[in-house]
Structures are given as structure tokens and as C-alpha cells.
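Summary of structural features
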Amino acid sequence: MRNNWFSREGLTAALPPNVEAGRMAGIIRGTLLGAVFWGGILFACRYGSAYQSLMEWDPVRNRSVVREGARMLPFWQTMEPALVLMALFALGTLLSATVLYASYYQGGRSIYLMRRLPDGGRTLRRQVWTVPLRWMVACIAAAAVLSVLCWAAWRLITPAQTLGHGLFGI
């Protein structure tokens, strides 16, 4: 069976012994899904507002048409709120290192014993930083995937005559 980064088995080896791997896996998956969901919502709101500003009502045709000379917001301006949210989630993952470090002060797991072990300092750093750094990489990868999906929507839905920013919307 393959161990992946955020499976219960994969996390058990990387977390301190008194941190529940199943619970941590659920937290990680939930925050990644939440970040992608809310990032998509923020993009959709910004895009919808920009798209509506391109249109005007034509009473002759009895429908909305693209305004003459209208230009769509560049993609990165449209995507900015979602990227800021994803960056905050990525930086927030580093806060979990403090929780993992604090777990050595709870119960029978002593930080002093860990420091006295021959390889204790290295093990302590590995158990405190491995999961937050993997989690951060996963947030960055999720932001990249969300950006590609949002760019595809931006490029395919926006009327061609309003795209004056090149292929990538820069």
C-alpha cells in the first residue's frame, strides 16, 4: 500500500506520538478543500462583477450586449482575492508547528526527555516541521490548480473582443 502525505499512515510517522494522525488528516483535507472552495467563490464574485460591467441593455434586441470599447479586467486582478486567501492559508499552516511543538508539553511526553535523547533534537525538528511544510506545499499546489481552472473559465467565458490583455491576461 502506498503512503501518501496526508493519509493516516503517512502522518503517523511524521507527527509527534501524542498527536492523533486521523484527526490531523481531516483538518488538513478540510482546510485545503475550504481554501479552494472559498478561493473559487472569491474569483467568481470578482469575475461576475467585472463581466457585468462589460454589458449594457439593448432595448432593440431586448437583451444584454457587450458595450463598445469595454475591456475585461486582467486575469491576475480578477484572481487576486483568491490568491491572497490561498497565501494566507499557506502561511497559516506554519502555525501548526507551534501546536505540534506544544504537544511535547502535554501529558507524559516531556520536551526535556526529547532534548536529552541522542538524536532527539533532529527527531523533534522533523516531527514539528515535516507536516506543516508538506501542508504548505499542498496549499501552494492547490492555489496553482485553482489558478489554472479560473484562468480557463476567464478565457473561455469572457467575450473575445473585451480581451485586450493577451493570452494569459497579464
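First, a word on scope: everything that follows refers to the structure included in this document. Worth saying up front: this structure is predicted, and the values here are computed from it rather than measured.

**Observations concerning the overall build of the protein chain**
Across its full length, the protein chain holds six helices and two strands. Start at the N end of the protein chain and walk to the C end: the helices and strands fall as α-α-β-β-α-α-α-α. In the protein chain, which comprises 170 residues, the share counted as buried stands at 36%. In the protein chain, the share of contacts with a sequence separation of at least 24, taken over all contacts with a separation of at least 6, comes to 67%.

**Points about the pattern of salt bridges**
A side chain with one charge can pair with a side chain of the opposite charge if their charged atoms come near. If you walk through the whole model with that rule in mind, you get one salt bridge. The residue D58 makes a salt bridge to R61 at a minimum N-O spacing of 3.3 Å.

**Details of the packing of aromatic side chains**
Under the defined criterion, the tally for this structure stands at six aromatic pairs. Where F37 meets W38, the ring centres are 5.1 Å apart and the plane angle is 80°; that geometry is what we call edge-to-face. With centroids separated by 5.9 Å and ring planes inclined at 65°, the aromatic side chains of F75 and W154 adopt a geometry described as edge-to-face. Taken together, the positions of F75 in helix 3 (residues 75-92) and W154 in helix 6 (residues 120-157) put the pair 79 residues apart, joining distant regions of the chain. Note on accessibility: F75 and W154 belong to one class, buried. Among the aromatic residues, those joined into a cluster by ring pairs are F43, Y47, Y51, F75, W76 and W154.

**Considerations on the environment of V19**
Among the secondary structure elements, V19 is positioned in the loop between helix 1 (8-14) and helix 2 (21-54). Each C-alpha atom of the pair V19 and Y104 lies 9.6 Å from the other, and the pair is 85 residues apart in sequence.

**Notes on a nonpolar patch on the surface**
A cluster of nonpolar side chains, F37, W38 and I41, forms an exposed patch at the surface whose accessible area comes to about 320 Å². With respect to the helices and strands, I41 occurs in helix 2.

**Describing helix 2**
Taking 1.5 Å per residue, 34 residues should reach 50 Å; helix 2 reaches 49 Å between its end C-alpha atoms and fits that length. Of all the residues in helix 2, the buried ones are A21, M24, A25, I28, L32, G34, A35, G39, F43, Y47, A50 and L54. On its buried face, helix 2 sits against helix 1, strand 1 (55-58), strand 2 (63-66), helix 3, helix 4 (96-102) and helix 6.

Cut-off values and rules
Residues numbered from 1 in each chain as written. Predicted model: local features only at pLDDT ≥ 70, side-chain atom pairs only at ≥ 80, totals over all residues. Heavy atoms only, no water. Helix = DSSP H or I, 4+ residues; strand = E, 2+ residues; numbered from the N terminus. Buried < 20%, exposed > 50% of the residue type's maximum accessible area, 1.4 Å probe, protein only. Contact = heavy atoms within 4.5 Å. Salt bridge = Lys/Arg side-chain N within 4 Å of Asp/Glu carboxyl O. Phe/Tyr/Trp six-rings, centres within 6.5 Å; stacked < 30°, edge-to-face > 60°. Patch = residues over 30% accessible without salt bridge, like charges linked within 9 Å, V, L, I, M, F, W, Y side chains within 5 Å. Areas by Shrake-Rupley, 256 points an atom, 1.4 Å probe, with all protein chains shown as cover. Expected span 1.5 Å × (residues − 1).

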